There are 2 protein chains.
Amino acid sequence: MPTFDAAPTALIVHAHPEPRSFNSAQMAVAAQALRDAGYQVDVVDLYASDWAPVLAAAEFAPLGGQVFKPQAEQMRAVRDGTLDEAVKEQVDKVLAADLLVLSFPLWWFSLPAVLKGWVDRVFVMGALFGGEHGFFDAAALAGKHAVLLFTTGGSHEMFQPGGAFGPQDEFLFHIHRGMLEFVGYQVLDPVVSYGPAHLDDEARAVALEEVRKAVTVTAENARPSR
Amino acid sequence: MPTFDAAPTALIVHAHPEPRSFNSAQMAVAAQALRDAGYQVDVVDLYASDWAPVLAAAEFAPLGGQVFKPQAEQMRAVRDGTLDEAVKEQVDKVLAADLLVLSFPLWWFSLPAVLKGWVDRVFVMGALFGGEHGFFDAAALAGKHAVLLFTTGGSHEMFQPGGAFGPQDEFLFHIHRGMLEFVGYQVLDPVVSYGPAHLDDEARAVALEEVRKAVTVTAENARPSR
């Protein structure tokens, strides 16, 4: 148990292939804003660490010829203490964090594959939900917060109802409801920079300052009450 | 140009780690139903072919120290004829198919990472949309059809409005609208088997027969008018 005055903790899982991108700068600004708000911040950089995103039988104990059923193998691995080491490390980070931040460019109105594969492998049945846990409010992360921090190619207007793409909330539903709320998180308003690819230096600085302000609000809203 | 009486063509992109799963059996039944309806069927098995899902700078021509912007590099690769060979092969298959079938288990209310990474890498800006093409109805696959063929862990009831999960259509919106319609496809009703993991042999045979019937309808609705 954390002591009454332990610093809150944030885990940022970042997925952009270019360290010099606006997206990566946005992540760094968010990390600093969280530190400035008193958080201990842990950053997992999926591209830099070459995260393997494909859930497959090879990460589990030998099946002895049995048909591979991913969730059954996850339950077995939790029970037997045989979770893949790389997965176990991420599960422990997730369980230790008061706030989970998924940081990414919105690719095809969803997570980049490397981040989707972090969810596929790390949101382990039996550890975060299912088994002794339930789903949604009864899952392991209940009482904690999560937030999406992303960049888009399209403009803010394109993501409005009646816009060229459609309402942003409808695109995010599968992540907010299907991934984050499913394992118990309370989901905070996403922090988004629209179309940063073509900003000049001045506009980029303004956009990053907006991110800093928004994440400062996130930090307050995610602060655990203990 | 196809001749007036050329057989219609279907591309099935399949993403399940277990060839003996219900999901893989469902894909095989769908492929046969399409053949029986007169289609030429091409199957890409992403797990069997060890598809690399992570879009990264390494697949493009050397950047010479420039910041990596994925879509700009895709446009450049199309223009210069330097698309990665594995990607080019898939793009050509997509462009040649009258019907695209994405076959997968619904993981976290979305595509498994390996299939998301097929979309990330193969739905190339400049080839399927953007550049000389537009988006949605003006994109390269306009006039063609796509359909999702998937299995779920949860029951049909859980995917209803007011059900434990929420409306299936809302979860699928990011795929239907954000991926398939975005590149021009007309999206047909998904073909879904709910919770097949625990079916006995008899119920499994019934479920596969339902798939065969549904895909036969899909085949008629996707038939090109030429």
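What counts and what doesn't
- Residues numbered from 1 in each chain as written.
- Chains lettered and ligands numbered in written order.
- Predicted model: local features only at pLDDT ≥ 70, side-chain atom pairs only at ≥ 80, totals over all residues.
- Heavy atoms only, no water.
- Contact = heavy atoms within 4.5 Å.
- Buried area = accessible area lost by both parts, 1.4 Å probe.
- Salt bridge = Lys/Arg side-chain N within 4 Å of Asp/Glu carboxyl O.
- Polar contact = N/O pair within 3.5 Å; in protein donor to acceptor, adjacent residues only side chain to side chain.
- Helix = DSSP H or I, 4+ residues; strand = E, 2+ residues; numbered from the N terminus.
- Nonpolar A, V, L, I, M, F, W, Y, C, P; charged D, E, K, R; others polar.
- Buried < 20%, exposed > 50% of the residue type's maximum accessible area, 1.4 Å probe, protein only.
- Pairing = 2+ DSSP bridges.
- Right-handed = clockwise from strand over helix to strand, strands pointing away.
- Least-squares fit on C-alpha atoms with pLDDT ≥ 70 in both.
- Phe/Tyr/Trp six-rings, centres within 6.5 Å; stacked < 30°, edge-to-face > 60°.
- Lys NZ or Arg CZ within 6 Å of the ring centre and 35° of its normal.
- Axes fitted to C-alpha atoms, helices over the stretch in contact; angles between N-to-C directions.
- Parallel < 35°, antiparallel > 145°, perpendicular 65-115°, else oblique.
- Left-handed = near helix turned anticlockwise from the far one by under 90°.
- pLDDT = per-residue confidence, 0-100.
- Patch = residues over 30% accessible without salt bridge, like charges linked within 9 Å, V, L, I, M, F, W, Y side chains within 5 Å.
- Areas by Shrake-Rupley, 256 points an atom, 1.4 Å probe, with all protein chains shown as cover.
- Lys, Arg positive; Asp, Glu negative; His and termini not counted.
- Charge placed at Lys NZ, Arg CZ, Asp CG, Glu CD.

Q: Where do I start with the interface of chain A and chain B in this structure?
A: When the parts of a complex come together, some accessible area is lost, and that lost area is often taken as the interface size. Taken together, the contact between chain A and chain B spans 41 residues of the former and 41 residues of the latter. A buried area of about 3600 Å², summed over both sides, lies between chain A and chain B, and 68% of it is on carbon and sulfur atoms. At the boundary of chain A with chain B, the tally comes to 0 salt bridges. Where chain A touches chain B, the interface holds 21 residue pairs in polar contact (both at pLDDT 80 or more). Elements that contribute at least two residues to the side of chain A that touches chain B include exactly helix H4 (113–122) and helix H5 (168–180) of chain A. For the side of chain A that touches chain B, the leading source of residues is H5 of chain A, giving 7 residues. Among the residues forming the side of chain A that touches chain B, the class breakdown is 28 nonpolar, 6 polar and 7 charged.

Q: Whenever I open this one, the pattern of salt bridges confuses me. Can you help?
A: Pairing is possible between side chains that carry opposite charge, provided their charged atoms lie close to one another. Overall, the coordinates contain 24 salt bridges over all chains when judged by the stated rule. Residue Arg20 of chain B is joined to Glu18 of chain B by a salt bridge in which the shortest nitrogen-to-oxygen separation is 3.1 Å. Among the charged side chains, a network of salt bridges with common partners joins Glu59, Asp84 and Arg121 of chain A.

Q: Explain the pairing of strand E1 (residues 9–14) of chain A to me, please; I cannot follow it from the model alone.
A: In the case of a regular strand, side chains alternate between the two sheet surfaces. All names here are of chain A. Counted residue by residue, E1 has 6 buried out of 6 residues, so it is predominantly covered. The side-chain alternation of E1 yields two buried faces, one formed by Thr9, Leu11 and Val13 and the other by Ala10, Ile12 and His14. Two strands pair when backbone bridges link them, and E1 and strand E2 (residues 40–45) are joined in this way by 6 bridges, in the parallel orientation. Along E2, the bridge assignment pairs Leu11 with Asp42. Handedness of the β-α-β unit built from E1, helix H1 (residues 22–36) and E2 comes out right-handed. One ladder, built from 5 bridges, connects E1 with strand E3 (residues 99–105); its direction is parallel. Of the residues in E3, the one forming a bridge with Val13 is Leu102.

Q: Can you help me understand the relation of the copies chain A and chain B in this one?
A: What connects the two chain copies is a rotation about an axis and a shift along it. Note on the identical chains: chain A maps onto chain B by a rotation of 180° and an axial translation of 0.0 Å, with an RMSD of 0.0 Å. The superposition of one copy onto the other is thereby described by a two-fold rotation axis. The rotation axis passes nearest to the C-alpha of Ala113 of chain A in chain A, at a distance of 2.5 Å. In this assembly, 100% of the residues forming the interface of chain A have copies in chain B that are likewise at the interface, indicating an isologous arrangement.

Q: Mind showing me how you'd approach the packing of aromatic side chains here?
A: Residues and elements named next belong to chain A. Under the definition given, this model contains 38 aromatic pairs over all chains. Summarising the aromatic geometry, the rings of Phe109 and Phe165 are spaced 5.1 Å apart at their centres and angled 85° between planes, so their arrangement reads as edge-to-face. Residue Phe109 is found in the loop between E3 and H4, and its partner Phe165 is found in the loop between strand E4 (145–152) and H5; the two are separated by 56 residues along the sequence. By relative accessible area, Phe109 is classed as buried at 6%. One residue, Arg121, lies across the ring of Trp51, its end atom 4.8 Å from the ring centre. Above the plane of the ring of Phe136 lies Arg177, whose end atom (NZ or CZ) is 3.9 Å from the centre.

Q: Hey, could you run me through the packing of H1 of chain A against helix H6 (residues 201–221) of chain A in this one?
A: Helix packing geometry: the angle between the two helix axes and the distance between the axes. All names here are of chain A. Their axes nearest at 9 Å, the elements H1 and H6 cross at an angle of 40°. When the axis of H1 is compared with that of H6, the two are oblique. As H1 packs across H6, the resulting crossing turns out to be right-handed. Only Arg204, Ala207, Leu208, Val211, Arg212, Val215, Thr216 and Ala219 of H6 make contact with H1, whose side of the interface consists of Phe22, Ala25, Gln26, Val29, Ala30, Ala33 and Leu34. A breakdown of the residues in the contact of H1 with H6 according to their chemical character gives 11 nonpolar, 2 polar and 2 charged.

Q: I would appreciate a short explanation of the environment of Asp169 of chain B in the present structure.
A: Residues and elements named next belong to chain B. Positionally, Asp169 belongs in helix H5 (residues 168–180). Here Asp169 falls in the exposed class, since its relative accessible area comes to 59%. Taking the C-alpha atoms as reference points, Asp169 and Pro224, 55 residues apart in sequence, are found 26 Å from one another.

Q: Any chance you could explain the side chain of Lys116 of chain B here in plain terms?
A: In this structure, Lys116 of chain B sits in helix H4 (residues 113–122). Among the polar contacts made by the side chain of Lys116 of chain B, one reaches the main-chain carbonyl oxygen of Trp107 of chain A at a distance of 2.9 Å. Excluding residues that lie within four positions of it along the chain, Lys116 of chain B makes contacts with Trp107, Trp108, Ser110, Leu111, Pro112 and Ala113 of chain A together with Leu111 and Met179 of chain B.

Q: Sorry if this is basic, but what is going on with H5 of chain B here?
A: For H5 of chain B, the buried fraction is high: 10 of the 13 residues fall into the buried class. Among the residues of H5 of chain B, Gln168, Phe171, Leu172, Phe173, His174, Ile175, His176, Gly178, Met179 and Leu180 of chain B are the ones counted as buried. Buried residues along H5 of chain B sit against H5 of chain A together with strand E3 (99–105), H4, strand E4 (145–152), strand E5 (186–187) and strand E6 (191–194) of chain B.

Q: Teacher, can you tell me more about the confidence of the model for chain A here?
A: Low-pLDDT stretches of the model should not have their predicted coordinates read in fine detail. Confidence along chain A averages 96 in pLDDT terms, with 97% of residues attaining 70 or more. Under the prediction, the complex receives an ipTM of 0.97, its pTM being 0.97.

Q: Would you explain a negative patch on the surface in this entry?
A: A grouping of Asp169, Glu170 and Asp189 of chain A together with Asp169, Glu170 and Asp189 of chain B is seen on the molecular surface, where their side chains present a negatively charged patch. Structurally, Glu170 of chain B is set in helix H5. Taking the relative accessible area as the measure of exposure, Glu170 of chain B reaches 40% and is therefore partly exposed.

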